[in-house]
Amino acid sequence: MDAFAISICKGLSTKTNWVKTGFISAIYFGGFQALMPVLGYLCGEVIQRYIKMVSRYMVLVLLCLIGINMIWETLKGEEKEADAALTPAVMLPAAIATSIDAFAVGITLAALNAPLLSSAGLIGITTFFISMAGVGIGYCFGSKLEKQAGILGGAILILMGLKSFF
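So, here is what we can say about the structure in this document. What you are looking at is a predicted structure, and each value in this text was computed from that prediction instead of being measured.

**Digging into the overall build of the chain**
Step number 1: The helix and strand inventory of the chain stands at six helices and zero strands.
Step number 2: A buried classification covers 43% of the 166 residues belonging to the chain.
Step number 3: Sequence separation of 24 or more characterises 92% of the internal contacts of the chain that already satisfy a separation of 6 or more.
Step number 4: Accessible surface, the chain as shown: approximately 9,000 Å² in total, 72% of it carbon and sulfur.

**A closer look at helix α2 (residues 18–43)**
Step number 1: Between its terminal C-alpha atoms α2 stretches 37 Å, which fits the 38 Å expected from 26 residues at 1.5 Å a residue.
Step number 2: For α2, the set of buried residues is Thr-21, Gly-22, Ser-25, Ala-26, Tyr-28, Phe-29, Gly-30, Phe-32, Gln-33, Met-36, Pro-37 and Gly-40.
Step number 3: Positive backbone phi, approximately 65 degrees, marks Gly-44, located one or two places after α2.

**Re the packing of helix α1 (residues 2–12) against helix α4 (residues 88–112)**
The description of two helices packed together rests on the angle between their axes and the distance between the axes.
Step number 1: The interhelical angle for the contact between α1 and α4, taken along N-to-C directions, is 150 degrees, at an axis separation of 9 Å. Taken together, the axis directions place α1 and α4 in an arrangement best described as roughly antiparallel. Along this stretch, α1 crosses α4, giving a crossing that reads as right-handed. Here Asp-2, Ala-3, Ile-6 and Lys-10 of α1 lie close against α4, whose contacting residues are Val-90, Met-91, Ala-94 and Thr-98.
Step number 2: A per-class count over the contact of α1 with α4 returns five nonpolar, one polar and two charged.

**Considering α1**
Step number 1: Across the eleven residues that make up α1, a large majority, ten, are buried.
Step number 2: Those residues of α1 lying buried are Ala-3, Phe-4, Ala-5, Ile-6, Ser-7, Ile-8, Cys-9, Lys-10, Gly-11 and Leu-12.

**Here we look at the packing of aromatic side chains**
Step number 1: Tallied over the entire structure, the rule returns five aromatic pairs.
Step number 2: On the numbers, 5.3 Å between centres and 85 degrees between planes, the contact of Phe-128 with Phe-129 is edge-to-face.
Step number 3: By way of ring pairs, the aromatic residues Phe-23, Phe-128 and Phe-129 are connected into one cluster.

Reading guide: rules and limits
- Sequence order sets the numbering: in each chain, residues are counted from 1 along the sequence as written.
- The predicted origin of the model limits local features to residues at a pLDDT of at least 70 and limits the giving and counting of side-chain atom pairs to 80 or more, whereas totals for whole chains, interfaces and linings rest on all residues.
- The basis for every side-chain value is the complete set of heavy atoms in the structure, and neither hydrogens nor water enter the calculation.
- Working definition: helices are DSSP H or I runs of at least four residues, strands are E runs of at least two. Numbering for both runs from the N terminus.
- Summary of the burial criterion: residues with accessible area below 20% of their type's maximum are buried, those above 50% are exposed, and those between are partly exposed, where the area comes from a 1.4 Å probe applied to protein chains only.
- Contact definition: two residues touch when any of their heavy atoms are within 4.5 Å.
- Using a 1.4 Å probe, accessible areas were evaluated by the Shrake-Rupley method; residue-level cover was limited to the displayed protein chains.
- Multiplying 1.5 Å by the helix residue count minus one yields the expected span of that helix.
- Whenever a helix is involved, its axis is fitted only over the stretch in contact; in every case the axis is a line through C-alpha atoms, and angles between N-to-C directions fall within 0 to 180 degrees.
- Angles are sorted into four bins: roughly parallel if under 35 degrees, roughly antiparallel if over 145, roughly perpendicular if 65 to 115, and oblique for all others.
- Each crossing gets its hand from how the near helix is turned against the far one by less than a right angle, where anticlockwise is left-handed and clockwise is right-handed.
- Basically, the charged four are Asp, Glu, Lys and Arg, the nonpolar ten are Ala, Val, Leu, Ile, Met, Phe, Trp, Tyr, Cys and Pro, and anything else, Gly included, counts as polar.
- Centres within 6.5 Å are what make two rings of Phe, Tyr or Trp a pair, Trp counting through its six-membered ring; a difference in plane orientation under 30 degrees is then read as stacked, over 60 as edge-to-face, and the rest as tilted.

In structure tokens form, the structure reads like this:
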């Protein structure tokens, strides 16, 4: 759901070619949602307690920074090209923030002796399609809301960060 919400925000700020934005967002979010359970599975319980201690803070900081930046750029009136919003510097923090909990899922998969590759693949594919849909939905509303879309998208990201922290 976090990846879906951020994808909606991406769609809100997309002016043209929402399919490209959706595909790139879906690759990042789906890829990290598939990768993190694998890493959790491989790392096991050794790292779990350290990740749990800092994960709330990481998600809060990353989502709030992305949200504040989105609002700031909207209020400044800067038109950021869609390609710039899809750079690794922008997408990696968002993908990591939304997939930290998937790391713990990997630890659980190991404890349950569940099939890792099929589980991680299903998680990744589901997130891919949900993210693609989120960008499409955001694009539909963003074209109607125009400037307010950037502020709304930034506010949603900040609220998601606060929700995950508290």
